[in-house]
Amino acid sequence: HGASHQAVMEFQVVTNKRLPRIKVGRSIIAFYYRKDMTMAAMVKHKTDTGHMNVSTLELTLLDLMRYPQGAGGLDHVATVLSDLGPKIEARKLAKLAGKFERSVVQRLGYLLDSLGYKKKTGQLAKSLVRKGTPPWVELEPAQAANPVFMPDPIEKNEHWRVIARRMPEVDE
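Residues numbered from 1 in each chain as written. Predicted model: local features only at pLDDT ≥ 70, side-chain atom pairs only at ≥ 80, totals over all residues. Heavy atoms only, no water.

1. Details of the nonpolar core
Working step 1: Counting 33 residues, the largest nonpolar core has Leu 61, Leu 62, Met 65, Leu 81 and Leu 108 as the members making the most contacts within it.
Working step 2: Listing elements by their share of this core, those giving two or more residues are α1 (57-66), α2 (74-84), α3 (90-97), α4 (102-114), α5 (122-129) and β8 (162-164).
Working step 3: Apart from residues lying up to four places away in sequence, Leu 62 is in contact with Leu 93, Leu 96, Ala 97, Phe 100, Val 104, Val 105 and Leu 108. (Core = buried A, V, L, I, M, F, W, Y, C linked by side-chain atoms within 4.5 Å. Buried < 20%, exposed > 50% of the residue type's maximum accessible area, 1.4 Å probe, protein only. Helix = DSSP H or I, 4+ residues; strand = E, 2+ residues; numbered from the N terminus. Contact = heavy atoms within 4.5 Å.)

Here it is in structure tokens:
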């Protein structure tokens, strides 16, 4: 969707089949498994060799939060969110959120708010609380995995119920 600050080293595909990574020339194609693929959130994209289905902007953002390691970590995800934030269609994002884990939606909402896109997250927050109050989640679960090295939270966001131990750094 045009938000890359660095040269593409790896092309990621979310698919409904478990496939190994493959190397094509100097590039790598990494496959991420998702059992319930929805074609409703795909658009046809013209390429040099024809057309391919590409996820909508909103589905891409949710996938980035679901698979942050595929994007190079939360700092890179925040950079992409910062760039694509103005293009988000709030209604589409809220509609797709129901197909993702609540924790993914919480983290995405929190990051979008932190990056200044609160106007885009109102419907997302409403879709989240329809199922009741969500449990607390870590912004970066890996940080909480080892209590010995776990830094104290810098914020416990009551609205999204997200515990942030550091704020992601956005590339300018």
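2. So, the sheet that holds strand β3 (residues 27-33)
Working step 1: Pairing is mixed across the open sheet formed by 3 strands, whose spatial order is β1-β3-β2. Either end of the sheet is taken by a strand with one partner, and the two such strands are β1 (10-15) and β2 (22-24). Put simply, the sheet's adjacent strands are angled 25° from each other on average, direction ignored.
Working step 2: Bridge analysis of β2 against β3 gives 3 bridges, and the strand direction is antiparallel. Within β3, the residue paired with Ile 22 across the bridge is Ile 29. (Pairing = 2+ DSSP bridges. Axes fitted to C-alpha atoms, helices over the stretch in contact; angles between N-to-C directions.)

3. Quick notes on the sheet that holds strand β7 (residues 155-157)
Working step 1: In spatial order, the strands read β6-β8-β7; together these 3 strands make up an open sheet with mixed pairing. Edge strands, defined here as strands with exactly one partner in the open sheet, are β6 (137-138) and β7.
Working step 2: Inspection of the sheet shows β7 paired to β8 by 3 bridges, in the antiparallel sense. Directly across from Lys 156, in β8, lies its bridge partner Ile 163.

4. Let's talk about the pattern of salt bridges
Working step 1: For the structure on display, the rule yields 6 salt bridges.
Working step 2: The salt bridge partner of Arg 166 is Glu 140, with a shortest N-O separation of 3.0 Å. Here Glu 140 lies in the loop between β6 and α6 (141-144) and Arg 166 lies in the segment after β8, a separation of 26 residues in the sequence.
Working step 3: Of the charged contacts in the structure, one is a salt bridge between Arg 161 and Glu 158, with a shortest N-O distance of 3.4 Å.
Working step 4: Within this structure, Asp 75, Glu 140 and Arg 166 form a network of salt bridges that share partners. (Salt bridge = Lys/Arg side-chain N within 4 Å of Asp/Glu carboxyl O.)

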